[in-house]
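Fold and geometry: a report
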Amino acid sequence: MDSLQKFIPVTFILFASLTGFGFGYSIINGPANATVLAGSEARFNCTVSQGWQIIIWLLNGNAVLTTTHLGGAVVTLDRFTQQNYTSGETFTSELIIHNVQQSDSGKIECSIQLGIPNSYAFLSVQVNGSLFIKDHNSTVRKNETIEIVCEALGWAPAPNMTWMINNSFVDKSRYVTNHSQGSNDLHNEVSTLTLTPLANETLTCLAYIEALPKPQNATVTLIVQESLAENGNQEDSTRTRTIILAVTLSVGFLLLIIIIFIIIYCCLKNKESTYQKELRKVSTKKTNDGSVKTRRSSGNENSGYSPEDPVHTKQMPRIAPLPPVASNFHRPEEDLEVSSASEVPYKVQQNRVSPRRPTDYPVNPRKIRNVTLV
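Notes on the structure in this doc start here. (Residues numbered from 1 in each chain as written. Predicted model: local features only at pLDDT ≥ 70, side-chain atom pairs only at ≥ 80, totals over all residues. Heavy atoms only, no water.)

1. Some details on the sheet that holds strand E15 (residues 168-169)
Two strands in a sheet stick together by hydrogen bonds in their backbones, pointing the same way (parallel) or opposite ways (antiparallel). Spelled out, the test is: Strands are treated as partners if at least two bridges between them are detected by DSSP. We count a stretch as a helix when DSSP gives it H or I for four or more residues in a row; a strand needs E for two or more, and each element gets its number in order from the N terminus.
The strand order across the open sheet built from 5 strands is E12-E19-E18-E14-E15, with neighbouring strands paired in mixed fashion. Since the sheet does not close on itself, it has two edges, and those belong to strand E12 (139-141) and E15, each with one partner. Note: strand E14 (residues 160-165) against E15, 2 bridges, orientation antiparallel. Following the sheet pairing, isoleucine 165 is matched in E15 by serine 168.

Structure representation (structure tokens):
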């Protein structure tokens, strides 16, 4: 309905143009065929001679854009726009289709009316899908025949699939490609390559359609081993090295712990020994200080002293010696009668008051005998 309403003004403009001007113009160059990928842009040019009045663009018979000499472009759908170019006596209208869809594929026409044949071209919208190499083992045995499978899903049209080994194309006899129809008019392709590798090889699967500037590709690298026995030996060797490394690390860790304990024990022992030495020093010092105090309080023992009567030493109290007798009592020693303390009665000795010992001593002391007269 909207297209019809937009097309009505164009009709009036066309009739006005036909009545006011002659129709000695024509299409010099029409649009060219285009192949594009879905989601991109498609462009078509239509060049007319001087004196043109109207240009109508049609897609599969439906008007999508109109341009007049007087009123400019009348846009029918937002995805269809135009650009104008004037050169001398010619005029070029460029139709631009944005975000092309697979349904846009078909006939594109440029019309200037007045019974002049339309110039047309064809639009092909293609879809590039996914391409991948299926799960496989990248490590293979030498001289073993294997199959590598490559899948192309969701393409339009069906892609052309080829293989390369180490950047060289593979003969078609070495691979088989199977086609299947997908949903939404899309196509699926499965290609299987058979080979017997002798050395490490790089395999590349390629899928190509016209709209792609270069083929889409998927790559895998095969690693060839001599035999399973060799592989087993390598695994055993790797396992052995791993075990040796684990044992070495364990022993080293254990030795480190033992060394740390020994160091800690030695440090504690040295600390304890030092503490005991300090205790001994303190104890010895206290003992020496106590001996000095004891000697100061009790005095020194006179080892040269010997009592005159050792028999009565323990029985009788010790009597202090008498002071020297006055000079008038002195007689020759031979005339004196000397009696020992043992001859004096005990009671007399007990009742006698012991005189105090003078504190003064002569410079040259004489031998003094204590004499008791009866």
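2. Concerning the sheet that holds strand E16 (residues 175-181)
Applied cut-off: In this description, a line fitted to the C-alpha atoms serves as the axis of each element, helices being fitted only across the stretch in contact, and the angle between N-to-C directions of two axes falls anywhere from 0 to 180 degrees.
Pairing is antiparallel in the open sheet, where 4 strands are placed in the order E11-E13-E17-E16. Each end of this open sheet is capped by a strand with a single partner; those strands are strand E11 (130-133) and E16. Mean inter-strand twist for the sheet, computed between neighbouring axes without regard to direction, equals 15°. Pairing of E11 with strand E13 (residues 146-155), which is carried by 4 bridges, proceeds in the antiparallel orientation. Along E13, the bridge assignment pairs isoleucine 133 with cysteine 150.

3. Let's talk about the state of the cysteines
Think of a disulfide as a covalent bridge from one cysteine sulfur atom to another cysteine sulfur atom. Going by this rule: For the purposes of this analysis, a disulfide is any pair of cysteine sulfur atoms at a distance within 2.5 Å. Working definition: with a 1.4 Å probe on protein chains only, accessible area under 20% of the residue-type maximum means buried, over 50% means exposed, and in between means partly exposed.
For the structure on display, the rule yields 2 disulfides. For cysteine 46, the disulfide goes to cysteine 110, at an S-S distance of 1.9 Å. One disulfide, between cysteine 46 and cysteine 110, carries an S-S torsion of -75° and so falls in the left-handed class. You can see cysteine 46 sitting in strand E3 (residues 42-49) and its partner cysteine 110 sitting in strand E9 (residues 106-111), a full 64 residues away along the chain. Summarising the burial analysis for this pair, cysteine 46 and cysteine 110 share the class buried. Paired by a disulfide, cysteine 150 and cysteine 205 hold their sulfur atoms 2.1 Å apart. Of note, the bridge from cysteine 150 to cysteine 205 carries an S-S torsion of about -90° and is left-handed in sense. Taken together, the residues cysteine 150 in strand E13 and cysteine 205 in strand E18 (residues 201-208) connect sequence positions 55 residues apart. Residue classification places cysteine 150 among the buried residues on the basis of a relative accessible area of 0%. On the accessibility criterion, cysteine 205 (0% relative accessible area) is buried. When the bonded cysteines of the chain are counted from the start of the sequence, the pairing works out to 1-2, 3-4.

4. Some thoughts on the side chain of threonine 204
Just so we agree on the cut-off: Contact criterion: two residues are considered in contact whenever any of their non-hydrogen atoms come within 4.5 Å of each other.
Residue placement: threonine 204 occurs in strand E18. For threonine 204, a relative accessible area of 10% corresponds to the buried category. Leaving out residues up to four positions away in the same chain, threonine 204 has contacts with Thr162, Trp163, Met164, Asn217, Ala218 and Thr219.

5. Examining the packing of aromatic side chains
Think of a pair of aromatic rings as described by two things: how far the centres are apart, and how the planes are tilted against each other in angle. Our working rule: Stacked, edge-to-face and tilted are the three classes for Phe, Tyr and Trp ring pairs, Trp counted by its six-membered ring, which pair at centre distances within 6.5 Å; planes under 30 degrees apart are stacked, over 60 edge-to-face, the rest tilted. Only when the NZ atom of a Lys or the CZ atom of an Arg is both within 6 Å of the ring centre and within 35 degrees of the ring normal do we say a charge sits over the ring.
On inspection of all chains with the given rule, the structure shows 2 aromatic pairs. Ring geometry for tryptophan 52 against phenylalanine 91: centres 4.4 Å apart, planes inclined by 20°, an arrangement best described as stacked. With tryptophan 52 in the loop between E3 and strand E4 (54-59) and phenylalanine 91 in strand E8 (residues 90-97), the pair connects residues that are 39 residues apart, well separated along the chain. Judged by relative accessible area, phenylalanine 91 falls into the buried class, the value being 9%. Across the ring face of tyrosine 120, the terminal group of lysine 107 is positioned such that the distance to the ring centre comes to 4.2 Å.

6. Quick word on the pairing of strand E5 (residues 62-68)
The element E5 is extensively covered by neighbouring structure, given that 5 of its 7 residues are classed as buried. Where E4 lies against E5, 6 bridges are found, and the strand directions are antiparallel. Bridging from a neighbouring strand, isoleucine 54 pairs with threonine 68 of E5. Between E4 and E5, which pair antiparallel one after the other, the connecting turn spans 2 residues, and asparagine 60 there sits at a positive phi close to 50°. Examined bridge by bridge, E5 and strand E6 (residues 72-75) share 4 bridges and lie antiparallel to one another. Its bridge partner lying in E6, threonine 66 is registered against valine 74. Between the antiparallel neighbours E5 and E6 lie 3 residues.

7. A word on a nonpolar patch on the surface
For the record, the criterion: Grouping into patches uses exposed residues only, defined as over 30% relative accessible area, and leaves out salt-bridged ones; the cut-off is 9 Å for like charges and 5 Å for nonpolar side chains (Val, Leu, Ile, Met, Phe, Trp, Tyr). Each accessible area is a Shrake-Rupley result for a 1.4 Å probe, and residues are judged covered by the shown protein chains and nothing else. A side-chain nitrogen of Lys or Arg and a carboxyl oxygen of Asp or Glu constitute a salt bridge if their distance falls within 4 Å.
On the surface, a nonpolar cluster with roughly 810 Å² of combined accessible area is contributed by Ile243, Val247, Val251, Leu254, Leu255, Ile258, Ile259, Ile262 and Ile263. With respect to the helices, strands and loops of the structure, isoleucine 262 is situated in helix H2 (residues 228-298). By relative accessible area, which is 47% here, isoleucine 262 ends up partly exposed.

8. A closer look at the pattern of salt bridges
A full pass over the atoms with the stated rule returns 5 salt bridges. Across the pair arginine 43 and glutamate 41 runs a salt bridge, and its minimum N-O distance is 3.4 Å. Close ionic contact of arginine 141 with glutamate 144 constitutes a salt bridge, the shortest N to O distance being 3.3 Å. Judged by relative accessible area, which is 28%, glutamate 144 ranks as partly exposed. One continuous salt-bridge network, built from bridges that share partners, spans Glu41, Arg43 and Glu94.

The quantities given are spatial measurements derived from coordinates; they are silent on function.
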